[in-house]
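Notes for the structure review
This is what each chain is made of:
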Amino acid sequence: MLPSIEVKENVSEQRQKIHPHKFTMWIAIGSITMMFAGLTSAYIVKRQQPGWISFEIPRMFWLSTTAMLASSLAVQMALKAFKDRHIKSYKNLILLTAVLGMVFIILQILGFQQIWKTGLTFSGAGAAQFLYAIAGLHVLHVFGGVITMLVMFLKSLRKTSRSYNSVPIEVASTYWHFVDALWVYLFIFFLVIH
Amino acid sequence: MSSDTILHGHSDVVTSHDVHLDEHGAHHHKETFITKYIFSQDHKMISKQFLITGMIWAIIGGLMSVIFRLQLGYPDTTFPILEDIFGKWAPGGKISPDFYYALVTMHGTIMVFFVLTGGLSGTFANFLVPLQIGARDMAAPFLNMLSYWAFFTASIIMISSLFLTAGPASGGWTVYPPLSALGDATDGSKAGMDFWIVAMVFFVVSSLLGGLNYITTILNMRTKGMSMVRMPLTIWALLFTAILGVLSFPVLLSGLILLLFDRHAGTSFYLSDIFIASTQKALPNEGGSAILFQHLFWFLGHPEVYIIILPTMGLVSEVMAVNSRKPIFGYRAMVGSLFAICILSLLVWAHHMFVTGMNPFLGSVFTLLTLLIAVPSAIKVFNWLTTLWKGNLRFTPGMLFSIGFVSMFISGGLTGIFLGNSTLDIHLHDTYFNIAHFHLVMGVAAFFGMFAGVYHWFPKMYGRYMNNTMGYIHFWVTMIGAYLIFWPMHYEGLAGMPRRYMDYSNWVSFRQFEDLNRFISTVAIVVFAVQLMFVFNFFYSIFKGRRVTTQNPWGATTLEWTTPIRPGHGNWVSEIPEVHRWAYDYGKDGREFISQAEPVGSNESSGH
Ligand code: HEM
Ligand SMILES: [Cu+2]
């Protein structure tokens, strides 16, 4: 009793506008957004308390943002390649997405180190500690995306049972764009409010 | 007769004509024991897994309350048996203060999250959503299975924390810092607190996976003709519950993540200017705010209480309409008030924080918003009462518990209006008045709704009925007992008796309550015993209950009663029925009820 079979059976019988898996992803995105909304509002509340120390935005974050934006482009092209049945370039692009995701993560960690070296470690209750917590959590979300992309890449290597169902890659790319947009939001947030 | 029967009902069947009894008419999957009962993806099986796990939790949580009620009722008496069982936690047969706090903390955590959230939504959303909207299963059965196993993992971690040397978390179910943030503060702030946090992370994951699935399924997988306004109120309620959960649980997660940082990374999100007595050390932490945690906690915490009560509102509406043989009164107002409650409940969290020194102006804003919730709540109560009015009432145990639910909800809701006034709350906050309020309006009411649901849908779950006599005893003892336990607490609270103390005998002003406390404790033990009888009834009836012989034993209109008596995975043997009308055509055109699947007749009076 494979899950996918079961769902397809269900779905084909019922009227539907948007594929349930895509819809589920959208709600999940709403949910993750609430988590970061909670954290950034905590940041805003905390900012008004005494003892707040802010930090210099490290140069690395501009690079990491570039990597993140590029990865979104890559995943979009991967989606298009898949729909056009250009499986070979699909494979390359999806791998590229995962690699750019990894690059982003590494750059973020380097960025954290730059701040850390200025003496802003975990002790304290200022902007830097929030950054470690919030951006760290975001990195975890990107990491989840990287794993997904790698799994999809490995699946595409299997010669047998090639599937032309574009739902999984569509769902994955939606998530990828979301973590991208989420970082852009956080980046602007930290740039403006600190 | 192993878990096979417990979870799936008997597969030996009674024959009667016109009814499909075959379990697996349409779907001939190869099922092993493991895929069928353990890692099952059938929503009905997952529902039973949630129900039985929730019942085990309820017994544990209930037992804890019996132990701390013994202490409260008989503060001077020793019970040697307690020392035999709990060892160093109850030296000389008297429970230690640390143990007392651990008990109340775990009692709250277990009841609020594991029984009335996980157990309740997990059971009824899983069971009813596909069956009542006409779907073969959830949108993502695999995620649904993961949701149960995340809940199971959370349960195992939380249970294990009871066996740690330093004991489980013990700073109250709301885990406020600094107690929850400083390992050195108390025994209950040590490893037990970490276990609590990790368990809750799994719990949140479980409720998110579940909630995502419920929302997607309800919005996308309804059968032909099942427009939103034809959905039974159970489905509406479960939809709003899931939306609330998906929006508010992540915020709790944020709060807990920052808490973990404070505990282990040395940050000071919540900590400032602290001197710890046990180590005689002043901490370097500065600039943190414990109030910040309260905001993050109650942003979930208040919606959470509605996550608990909304599903039972749905269950009660349904059971009540079926057993009044009348359409639910004011269907649209019922949906509208569910919606209003859902929105408002996201805007009132700070009424739990009136005494944290908040700006009085802000306090009055939250007072206003809080009192506004009374409006949709009152609309619902009015509609339940008018549904009962002049109905052909059938007093099944499910119906009695539904009526009991309304009674409890009124009694507890009225005291909410006292607490919602920021000025009155200065006196009432953290007293037994508060305890009485939320136990009646949430604790007991939600349990009643859940019992109503279990008695009513048991025949669909297991193809047998529960025993009625035990059902009636269960209802009356619990109903009277719950009032006897919680009503007097209002007086104690008005007199200023604070919550969370294990012994009041040193307070001259509360000596007058000595007998009352003993009385409350005695009743609590009796009521607990009756719940064990319910558990017995439940399991006994799975094996030995009277068999269901007709497809639609209650004469209900909703789709779950058009499935075979013991539906297999996929629910309907052939086509999923098409829906032609709303869910409440009772007593229409001289007919007792008309199923949603029946086409509208040419000379039928207009309806929905
Ligand atoms: C008429 C509507 C209601 C109003 C105005 C109201 C108001 C309040 C207020 C102001 C408090 C805080 C008291 C304090 O800590 O001093 C409170 C506590 C509480 N209420 Fe309500 N409430 C209402 C209905 C409900 C419902 C429907 C539920 C649950 C289903 C509920 C569950 C709780 C719980 C669990 C607490 C206590 C939490 C704790 O401190 O441990 N209330 N209520
Ligand atoms: Cu509240």
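Residues numbered from 1 in each chain as written. Chains lettered and ligands numbered in written order. Predicted model: local features only at pLDDT ≥ 70, side-chain atom pairs only at ≥ 80, totals over all residues. Heavy atoms only, no water.

Side note on the overall build of chain B
Scanning chain B from N- to C-terminus turns up 16 helices and 4 strands. Its C-alpha atoms give chain B principal-axis dimensions of roughly 80 × 50 × 45 Å. When contacts within chain B are restricted to residue pairs at least 6 apart in sequence, those whose partners lie at least 24 apart make up 79%. Accessible surface, chain B: about 21,600 Å² in total, of which carbon and sulfur atoms supply 68%. (Helix = DSSP H or I, 4+ residues; strand = E, 2+ residues; numbered from the N terminus. Contact = heavy atoms within 4.5 Å. Areas by Shrake-Rupley, 256 points an atom, 1.4 Å probe, with all protein chains shown as cover.)

Things to note about the nonpolar core
Looking at soluble globular proteins, one finds that nonpolar side chains tend to be buried together. Among the nonpolar cores identified, the biggest contains 254 residues, and W196, W384, F405 and F538 of chain B are the most heavily contacted of them. Residues in contact with W384 of chain B, not counting those within four places in the same chain, are M313, V316, S317, M320, M334, F405, V406 and F409 of chain B. (Core = buried A, V, L, I, M, F, W, Y, C linked by side-chain atoms within 4.5 Å. Buried < 20%, exposed > 50% of the residue type's maximum accessible area, 1.4 Å probe, protein only.)

Observations concerning the pattern of salt bridges
Scanning all chains against the criterion turns up 15 salt bridges over all chains. The residue K22 of chain A makes a salt bridge to E170 of chain A at a minimum N-O spacing of 2.8 Å. Here K22 of chain A is found in helix α2 (residues 20-47), whereas its partner E170 of chain A is found in helix α6 (residues 167-192), with 148 residues between them in sequence. Residue E170 of chain A is classed as buried on the basis of its relative accessible area, which comes to 15%. In this structure, E598 of chain B engages R591 of chain B in a salt bridge whose closest nitrogen and oxygen atoms are separated by 2.7 Å. Residue classification places R591 of chain B among the partly exposed positions, given a relative accessible area of 36%. Look at the salt bridges and you will find they share partners, linking R581, D585, K588 and E604 of chain B into a network. (Salt bridge = Lys/Arg side-chain N within 4 Å of Asp/Glu carboxyl O.)

What about the coordination of the copper ion (ligand 2)?
Ideal values for angles at a metal depend on the geometry: 109.5 degrees with four tetrahedral donors, 90 or 180 degrees with six octahedral donors. For the copper ion (ligand 2), the full set of protein donor atoms is H302 of chain B (ND1), H351 of chain B (NE2) and H352 of chain B (NE2), and the range of their distances to it is 1.8 to 2.0 Å. Written as a sequence motif, the donor residues of the copper ion (ligand 2) are H-x48-H-H. (Donors = N, O, S within 2.8 Å, 3.2 Å for Na, K, Ca; no water.)

Quick look at the coordination of the iron atom of ligand 1
Residue and element names in this part refer to chain B. No protein donor other than H437 (NE2) coordinates the iron atom of ligand 1, and that contact is at 2.1 Å. In this model, the iron atom of ligand 1 sits 4.6 Å from the copper ion (ligand 2). Structurally, H437 is set in helix α14 (residues 432-462).

Some details on α14 of chain B
Along α14 of chain B, the sharpest kink reaches roughly 45°, centred on H456 of chain B and followed within four residues by the proline P459 of chain B. After α14 of chain B finishes, the residue G463 of chain B shows a positive phi value of roughly 70°. (Bend = angle between axes of the 7 residues up to and from the residue.)

A word on the packing of α2 of chain A against α6 of chain A
Residue and element names in this part refer to chain A. Put simply, α2 and α6 touch, their axes get as near as 10 Å, and they point 15° apart. Relative to α6, the element α2 lies roughly parallel. Here the hand of the crossing between α2 and α6 comes out right-handed. In contact with H21, K22, M25, W26, I29, I32, T33, F36, T40, Y43 and I44 of α2, α6 contributes V167, E170, V171, T174, Y175, F178, L182, Y185, L186, F189 and F190. Class assignment for the residues of the contact of α2 with α6 results in 16 nonpolar, 4 polar and 2 charged. (Axes fitted to C-alpha atoms, helices over the stretch in contact; angles between N-to-C directions. Parallel < 35°, antiparallel > 145°, perpendicular 65-115°, else oblique. Left-handed = near helix turned anticlockwise from the far one by under 90°. Nonpolar A, V, L, I, M, F, W, Y, C, P; charged D, E, K, R; others polar.)

Re the interface of chain B and chain A
The interface of chain B with chain A comprises 47 residues on the first partner and 36 residues on the second. Of the roughly 3,500 Å² buried between chain B and chain A on both sides combined, carbon and sulfur atoms contribute 67%. Between the two partners, chain B and chain A, sit 0 salt bridges. Our enumeration of links across chain B and chain A arrives at 5 residue pairs in polar contact (both at pLDDT 80 or more). For the side of chain B that touches chain A, the secondary structure elements donating two or more residues are α6 (141-161), α7 (191-220), α8 (233-264) and α9 (290-324) of chain B. It is α8 of chain B that contributes the most residues to the side of chain B that touches chain A, 9 residues altogether. Per-class residue counts for the side of chain B that touches chain A are 27 nonpolar, 15 polar and 5 charged. (Buried area = accessible area lost by both parts, 1.4 Å probe. Polar contact = N/O pair within 3.5 Å; in protein donor to acceptor, adjacent residues only side chain to side chain.)

Quick notes on the site of ligand 1
Residues and elements named next belong to chain B. Residues in close proximity to ligand 1 total 22 residues, the closest being W173, D425, H429, H437 and R499. One of the side-chain N or O atoms of W173 is found 2.9 Å from an oxygen atom in ligand 1. Mapped by element, the contributors of at least two residues to the shell around ligand 1 are α9, α12 (397-419) and α14. For the shell around ligand 1, a count of residues per class yields 11 nonpolar, 9 polar and 2 charged. (Near = heavy atom within 4 Å.)

A look at a nonpolar patch on the surface
Residue and element names in this part refer to chain A. On the surface, a nonpolar cluster with roughly 470 Å² of combined accessible area is contributed by M102, I106, L110, F143, I147 and V151. Broken down by secondary-structure element, the contributors of at least two residues to the nonpolar patch are α4 (87-117) and α5 (127-157). Along the polypeptide, V151 turns up in helix α5. (Patch = residues over 30% accessible without salt bridge, like charges linked within 9 Å, V, L, I, M, F, W, Y side chains within 5 Å.)

Here's the deal with the packing of aromatic side chains
Given two aromatic rings, their pairing is described by the distance between the two centres and the angle made by the two planes. Residues and elements named next belong to chain B. Considering all chains together, one arrives at 83 aromatic pairs over all chains under this definition. Ring geometry for Y270 versus F293: centroids 5.3 Å apart, planes at 85°, classification edge-to-face. In this pair, Y270 sits in the loop between α8 and β1 (275-276) while F293 sits in helix α9, placing the two residues 23 residues apart along the sequence. Here Y270 and F293 have matching classes, each one buried. Aromatic pair F510 and F513: ring centres 6.5 Å apart, planes at 20°, arrangement stacked. In this structure, F510 and F513 share a single accessibility class: buried. The aromatic ring of Y462 is capped on one face by K48, whose charged end is 4.8 Å from the ring centroid. (Phe/Tyr/Trp six-rings, centres within 6.5 Å; stacked < 30°, edge-to-face > 60°. Lys NZ or Arg CZ within 6 Å of the ring centre and 35° of its normal.)

Remarks on unusual backbone geometry
Going from P177 of chain B to P178 of chain B, the amide bond is cis rather than trans, its omega being 5°. Secondary-structure assignment places P178 of chain B in the loop between α6 and α7.

Quick notes on the packing of helix α3 (residues 43-73) of chain B against α14 of chain B
All names here are of chain B. Close contact between α3 and α14 brings their axes to 13 Å; oriented N to C, the two are set at 145°. In this structure, α3 crosses over α14, and the sense of that crossing is left-handed. Together, S47, K48, L51, I52, A58, R69 and L72 of α3 and Y432, F447, V454, M461 and Y462 of α14 make up the contact between the two elements. Looking at the contact of α3 with α14 residue by residue, the class counts come to 9 nonpolar, 1 polar and 2 charged.

A word on the confidence of the model for chain A
For chain A, mean pLDDT is 88; residues scoring 70 or higher make up 89% of the total. Low pLDDT, under 50, characterises residues 1-15 of chain A; the stretch is placed with 35 contacts to residues that sit more than four places away or in other chains. (pLDDT = per-residue confidence, 0-100.)

Details of the environment of T415 of chain B
All names here are of chain B. You can see T415 is positioned in helix α12. Residue T415 is classed as buried on the basis of its relative accessible area, which comes to 8%. The sequence separation of T415 and V129 amounts to 286 residues, and the corresponding C-alpha distance is 33 Å. Discounting chain neighbours no more than four positions away, the residues touching T415 are F433, H437 and H490. A distance of 3.2 Å separates polar atoms of two side chains, one belonging to T415 and the other to H437.

Let's talk about helix α10 (residues 331-344) of chain B
A rise of 1.5 Å per residue sets the reference length of α10 of chain B, with its 14 residues, at 20 Å; its end C-alpha atoms lie 20 Å apart and thus fit the reference within 8%. Within α10 of chain B the residues assigned to the buried category are Y331, M334, V335, S337, L338, I341, C342 and L344 of chain B. (Expected span 1.5 Å × (residues − 1).)

Section: the environment of Y90 of chain A
All names here are of chain A. When you line up the elements, Y90 lands in helix α4. Given the relative accessible area of 4%, Y90 is considered buried. When the C-alpha atoms of Y90 and A70 are compared, they prove to be 16 Å apart, with 20 residues separating the residues in sequence. The contact partners of Y90, leaving out residues within four places of it in the chain, are A78, A81, F82, M152, S156 and I169.

Topic: the confidence of the model for chain B
All names here are of chain B. Considering every residue of chain B, the mean pLDDT works out to 92; 94% of them sit at 70 or more. Scored below 50 in pLDDT, residues 1-28 shows 70 contacts in the model against residues more than four places distant or in partner chains. Taken over the whole predicted complex, pTM reads 0.91, whereas the ipTM for its chain interfaces reads 0.88.

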